[in-house]
Amino acid sequence: MVLEAKGISKSFPGVKALDDVRLTVRAGRLHALLGENGAGKSTFINILAGVFAPDAGEVLLDGRPVVFRNPGQARDAGIAIIHQELNLVPQLSVAQNIYLGREPLTRTGLTDDGRMNREAGAWLHRLKLEIDPRTPVGRLRVGQQQVVEIAKALSLNARVIIMDEPTSAITEQEVAVLFQLIAQLKQDGVAIIYITHKLDELSAIADDLTVLRDGRFIDSRPAREISRDEIVRLMVGRSLSDLYGRKGSEPREEVLRVEDLSLAQAERASEFVVRNVSFQLHCGEVLGLFGLMGAGRTELLETLFGLHPLRSSGRVYLAGQPVWFDSPRRAIDAGLVLAPEDRKREGLLLSLSVAANASLACLEQTERFGLLNASREAELVGQFVQRLRIKTPSLGRLTRFLSGGNQQKVVLAKWLTTRPRVLLLDEPTRGIDIAAKREIYELIDELVAGGLGVVLVSSELSELLAVADRIVVMCEGRKTAEFPRAQATGEKILKAALPTSAD
Ligand SMILES: Nc1ncnc2c1ncn2[C@@H]1O[C@H](COP(=O)(O)OP(=O)(O)OP(=O)(O)O)[C@@H](O)[C@H]1O
Ligand SMILES: [Mg+2]
């Protein structure tokens, strides 16, 4: 037994985030921490890692009580945390990030860059990430950045590594790499605390699991003794019939046609991020868009939404009329909206309330004579807060204080309130718990039944196969395949998504 926590409680203004929670973590084992959005998972591990002080309770390391006043103290004691939103400095190099605040020094007191780069390189090599340690972290993909975080944890001699939703932003291949790493860490005796909403992952890596609900400890068991259905019941407090699948819809009239859409690279106009992509979308249809990280899916949606007017070309028709949006405002006015994937950067104003964020895109519905109609706003937003099960003590709560998954839901609510004709969704269920995911699918279903057309970008194949009527696959900026739902299989899609080695 390496780490034990008992009787942990923690309140924030208006919320009891944790109430008498316990956890026991053993060396060489992975302990999964599960629960719905807002259940208290991130708060709990932040206490273990010294980010927050608990209001009550005790943490024992090797059987001895410890009190961490800051993350540095937890780190020195061997507990490393990899946060839900990664914490690297994009402008600094990989090596500088790994050794931030504890750079090796030369005899004259300067940073010993040579040694730092050598040692960082050795850790990266061990983790099979063959990149130059001098590369700025901002140039790496999310999956690679995660490996850098793990390298940092290992270089600190961490005996407990905490990972908060490590697979929510990486591709299936990067997940495979991460799982190999986890197996290796377990062999070396490292204890891992692992938060995820993807229950399918558990069978591959989890040894033990603990479920939280509404800030309370529900149960703790060896992973092999408990079925997926049982886990869901513990998390949600009721059983959920497992499979979700849309029936698929009858094709109706075309709502969006895209021809030869291209987007040039920002640095080099002769290179393309999106290249000659054409597709159609019908009323009442969900079009899935699959691709690996870097395939150009997000950029394709952004281009349609008018975010890159100077670098793009092609033809777009909305309900048969030629259109070209040179700003998001125009796209929104015409009924085409994009719910972006990166909630921190584009989707949310963290210092505004839930209500303000959710009604931001539909001000004309809530504003009258230039004044905000607060009751109209509350009605409109309240409806989506309920449907999407957004966990917040009030509509006036600042979104900064919501859990990660609940912030993601506010982004969705914001775009749904505009009642669009075409809805572009970029990874809408990333980090969202299983019950709320179903709500979102059902909501999509309801919206398309009403005639809306949806383009859904997802890195989760199973999600696309369950929800989309048609699937378009992209690779390196080009469209490489299109399958109607009946002919789509995971294997065919992945094959079309992988770059051919001849390129
Ligand atoms: N800094 C904070 N200030 C106020 N309330 C907070 C703060 N951090 C978390 N909370 C609240 O505490 C509760 C638990 O949040 P937490 O982030 O621990 O959930 P979670 O289980 O990690 O959820 P998710 O799966 O969505 O990431 C939520 O109701 C959240 O709004
Ligand atoms: Mg969280």
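Located above this text is the structure these notes cover.
Per chain, residues are indexed from 1 in the order of the written sequence. Each chain takes a letter, starting from A, and each ligand takes a number, starting from 1, following the order in which they are written. Totals for whole chains, interfaces and linings use all residues, but because this is a predicted model, local features are given only for residues with pLDDT of at least 70 and pairs of side-chain atoms are given and counted only at 80 or more. Only hydrogens and water are set aside when side-chain values are computed; all heavy atoms of the structure are taken into account.

In this section: the pairing of strand 1 (residues 3-12). Taken residue by residue, a regular strand's side chains alternate between the two faces of the sheet. Strands pair, by our definition, only if DSSP identifies at least two bridges between them. Helix and strand assignments come from DSSP, with helices taken as H or I runs of at least 4 residues and strands as E runs of at least 2, each series counted from the N terminus. With five bridges connecting them, strand 1 and strand 4 (residues 56-61) associate as antiparallel partners. Paired with A5 across the bridge in strand 4 is V59. In terms of strand pairing, strand 1 meets strand 2 (residues 15-25) through seven bridges, oriented antiparallel. Across the sheet, the residue bridging to E4 is T24, located in strand 2. Once strand 1 ends, the chain turns through two residues before running back antiparallel as strand 2, passing G14 with a positive phi of about 85°.

Here the focus is helix 6 (residues 172-187). One less than the residue count of a helix, multiplied by 1.5 Å, gives the span that helix is expected to have. Taking 1.5 Å per residue as the helical rise, helix 6 with its 16 residues ought to reach 22 Å, and the 23 Å between its terminal C-alpha atoms agrees with that figure. Remark: exposure states derive from per-residue accessible area (1.4 Å probe, protein chains only) relative to the maximum for the residue type, with buried under 20%, exposed over 50%, and partly exposed in between. Looking only at helix 6, the buried set comprises E174, V175, L178, F179, L181, I182, L185 and K186. On an axial view of helix 6, the arc spanned by its buried residues comes to 165°, and they lie on one face. Residues of helix 6 that are exposed and point over 90 degrees away from its buried face: Q180 and Q187. Contacts are assigned to residue pairs that have any heavy atoms within 4.5 Å of one another. Looking at the packing, one finds that the buried side of helix 6 touches strand 3 (30-34), helix 5 (142-155), strand 7 (160-164), strand 8 (191-195) and helix 7 (202-205). Phi turns positive one or two residues past the end of helix 6, at G189, with a value near 90°. Each direction from the helix axis to a C-beta atom contributes to the arc, which is the arc of those directions.

What follows is about the sheet that holds strand 20 (residues 453-457). Read from one edge of the open sheet, six strands run 16-19-20-13-21-22, paired in mixed fashion. In this open sheet, the two strands that pair with only one neighbour each are strand 16 (336-339) and strand 22 (478-484). With strand direction ignored, the average angle separating the axes of adjacent strands in the sheet is 20°. As paired elements, strand 13 (residues 286-290) and strand 21 (residues 470-475) share four bridges and run parallel to each other. Bridged to F290 within strand 21 is V473. The sheet contacts of helix 18 (residues 490-497) involve strand 13, strand 21 and strand 22, and relative to strand 21 the element is tilted by about 30°. Lines are fitted to the C-alpha atoms to define the axes, a helix being fitted only along its stretch in contact, and any angle between axes, read from their N-to-C directions, falls within 0 to 180 degrees.

Turning to the pairing of strand 14 (residues 312-318), a few remarks are in order. Of the pairings in the sheet, the one linking strand 11 (residues 254-264) to strand 14 comprises six bridges and is antiparallel in character. Bridge pairing links L256 to L318 in strand 14. The pairing of strand 14 with strand 15 (residues 321-323) spans three bridges and is antiparallel. Bridge pairing links V316 to V323 in strand 15. Between strand 14 and strand 15, which pair antiparallel one after the other, the connecting turn spans two residues, and A319 there sits at a positive phi close to 50°.

Okay, helix 8 (residues 228-236) next. Restricting attention to buried positions, one finds in helix 8 the residues I231, V232, L234, M235 and V236. Residues of helix 8 that are buried make contact with strand 3, helix 7, strand 9 (208-213), strand 10 (216-222) and helix 16 (434-449). Positive phi shows up at G237, right after helix 8, with a value of about 85°.

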